[in-house]
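# Notes for the structure review
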Amino acid sequence: MIGLISATAAGSAGCRRVASAWPGRTRVYEGPVGDAVRRAFAECEQLVCFLATGAVVRLVAPLLVDKASDPGIVCVDEGGRFAVSLVGGHGGGANELAREVGELLGAEPVVTTATDSVGVPGLDTLGLPVEGDVAGVSRAMLDGEPVALNAELAWPLPPLRVAAAGAYSIRVSDTAVEPAEREVVLRPPSLVVGVGASKGAPVDEVLGLVQDALRDAGLSVRSVAELATVDAKAEEPGILGAAERLGVPVVTYGAEELAAVDVPNPSDAPLAAVGTPSVAEAAALVRGGELLVPKRKSAARPAMATCAVVRRPGRGRLAVVGLGPGARDLLTPRAKDELRRASVLVGLDQYVDQIRDLLLPGTRILESGLGAEEERARTAVAEARLGQAVALIGSGDAGVYAMASPALAEASDDIDVVGVPGVTAALAAGAILGAPLGHDHVSISLSDLHTPWEIIERRVRAAAEADIVVTFYNPRSRGRDWQLPKALTILAQHRKPTTPVGVVRNASRPDESSRVTTLAGLDPATVDMMTVVTVGNTATREIAGRMVTPRGYRWQEEPR
């Protein structure tokens, strides 16, 4: 919950704006400001104070205990010009909250956390539990001192300023190792604990068994990703309670699926009870991995719980990112986040140049020229299979005539793939032209480099006969100058010469140009590969210089 506090009419107006925008996330605190701050500090995870920073500092200073538990606090000035991350930038989420509040109110977010200011990932913002000398290692990274990365198991991480050796180090480990001096240990969620339990097994017995198994195997409880069991035990209080105390989810599988898993210690008892010869081992192993702790029973007599521990290898992550049509403000926030998260960027050189300034220091860039699409896709997948966090970029939407298709054709289920949508050229051009895509529409590439012309022509003819608005990608190049005239001839067999046609070149870029002409008036020689051509259907009209296709075929009034 986010506590909202103000002292003046202007501040109250800001509170109301935030509260109305985030009704389920916020609570407005009334009354004397000091009392309001104290109550909100005790009851909320975050605070937004529409007060002077000095006043907030004096009010919260006596309340601060520890950066790991204190709420994140953001201050907004009376004029609503700035949203200042004051306390708990990372641990309390104040940095991100300042950005959210800034976007909502039109205020400038002010973030002074050192790592955020210079574009270095904070070690406490990587989404992994972290132990050790976080401040010292972070300072070394900021100062450019060599920091060694000792990865005991591969895990996709954002770009870090690391070297082969150094006085400071970052260790990635799921073992119960204590951080050395000048070292931090990142705990990846690599351990899956399979659990079986008799009906009514006590929480303490299940939890104690899991903790003992991890301790005896020299494994960190902070690397446990989940407790896994059979569907029949999905509501078993002992398992649910143990998972809650560990702070991990319970994942369940059907008995038939678990019965198909090869395990070293099958038993007749679970087969009779729930329909599978193994619960703990099978549930831990069902998604693959290395069995570190075979099935063991709890120490109680009779034993009411069993567990087994498996280490799943880190899965590489491939984000296929659409950059939009070119304008920076049409690059989505999610795309920006993925670019900063990736330790490896793969892309066409001219697209890399568009977003190079958004990449964090240390990002490894693998760029190539036109015509190497399949090679880029193979490279991105190969890097992900090495356990890297990879971003593969394409223009517009990466799934539309771009990199998603060749990449997913190469990828298998041994990596995680995330698609990040982008604004397509057709959508960007459509917004410039007016509303040409108001009814059914289709995009067709006229490039026959990968598709035989016979197939392209058949698709154009089908769109013409179906009276569908058509957007042509790759309409004409120096080596392909006859395809667009041919496609327009096909459309002209089914549409009037006066049918509106929109021509947009370099949509959203500084040298953008656009015009609305007609099917008879379009000169194909004025079109190139940077152009998108949109041909209306029989209902499309030009109104005040804009292309408009009605949502239905009942036009209110025919033009006179």
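Note that this is a predicted model, so its numbers are computed, not measured.

### A word on the environment of Lys199
The topology assignment puts Lys199 in the loop between β11 (191-197) and α7 (203-216). Considering only alpha carbons, one finds Lys199 and Lys233, 34 residues apart in sequence, at a separation of 8.4 Å. With sequence-adjacent residues up to four places away left out, Lys199 is seen in contact with Lys233, Glu236 and Met304.

### Considerations on the packing of α7 against helix α8 (residues 237-246)
Viewed as axis vectors pointing N to C, α7 and α8 meet at an angle of 55°, and their least axial separation amounts to 8 Å. For the element pair α7 / α8, the angle class is oblique. Here the hand of the crossing between α7 and α8 comes out right-handed. Where α7 abuts α8, its residues Val203, Asp204, Val206, Leu207 and Val210 lie against Pro237, Gly238, Ile239, Gly241, Ala242, Arg245 and Leu246. Grouping the amino acids of the contact of α7 with α8 by side-chain chemistry returns eight nonpolar, two polar and two charged.

### Comments concerning the sheet that holds strand β14 (residues 290-297)
Remark on secondary structure: sheet strands pair via backbone hydrogen bonds, oriented parallel or antiparallel. Sheet architecture is open: five strands sit in the order β13-β12-β11-β15-β14, paired in mixed fashion. Looking at the sheet topology across the chains shown, the edges are occupied by β13 (250-253) and β14. Put simply, the sheet's adjacent strands are angled 25° from each other on average, direction ignored. Its contacts with the sheet place α7 against β11, β12 (224-230), β14 and β15 (305-311), and it is angled at close to 40° to β15.

### Focus on the pairing of strand β9 (residues 168-172)
Within β9, four of the five residues are buried, leaving the element largely enclosed by the surrounding structure. Both strand β8 (residues 147-151) and β9 contribute to a ladder of five bridges, which runs parallel. Pairing of Val147 across the sheet is with Tyr168, part of β9. Inspection of the sheet shows β9 paired to strand β10 (residues 183-186) by four bridges, in the parallel sense. By the bridge assignment, Arg171 is partnered in β10 with Val185.

### Here we look at the pattern of salt bridges
Within the structure shown, the criterion is met by 30 salt bridges. A salt bridge links Glu226 to Arg312; the nearest nitrogen and oxygen atoms lie 3.5 Å apart. You can see Glu226 sitting in strand β12 and its partner Arg312 sitting in the loop between β15 and β16 (317-322), a full 86 residues away along the chain. The same class applies to Glu226 and to Arg312, which are both buried. It is possible to trace a salt-bridge network through shared partners that takes in Asp212, Arg215, Asp216 and Arg296.

The rules behind these values
Residues numbered from 1 in each chain as written. Predicted model: local features only at pLDDT ≥ 70, side-chain atom pairs only at ≥ 80, totals over all residues. Heavy atoms only, no water. Helix = DSSP H or I, 4+ residues; strand = E, 2+ residues; numbered from the N terminus. Contact = heavy atoms within 4.5 Å. Axes fitted to C-alpha atoms, helices over the stretch in contact; angles between N-to-C directions. Parallel < 35°, antiparallel > 145°, perpendicular 65-115°, else oblique. Left-handed = near helix turned anticlockwise from the far one by under 90°. Nonpolar A, V, L, I, M, F, W, Y, C, P; charged D, E, K, R; others polar. Pairing = 2+ DSSP bridges. Buried < 20%, exposed > 50% of the residue type's maximum accessible area, 1.4 Å probe, protein only. Salt bridge = Lys/Arg side-chain N within 4 Å of Asp/Glu carboxyl O.

Just distances and angles here, no functional claims.
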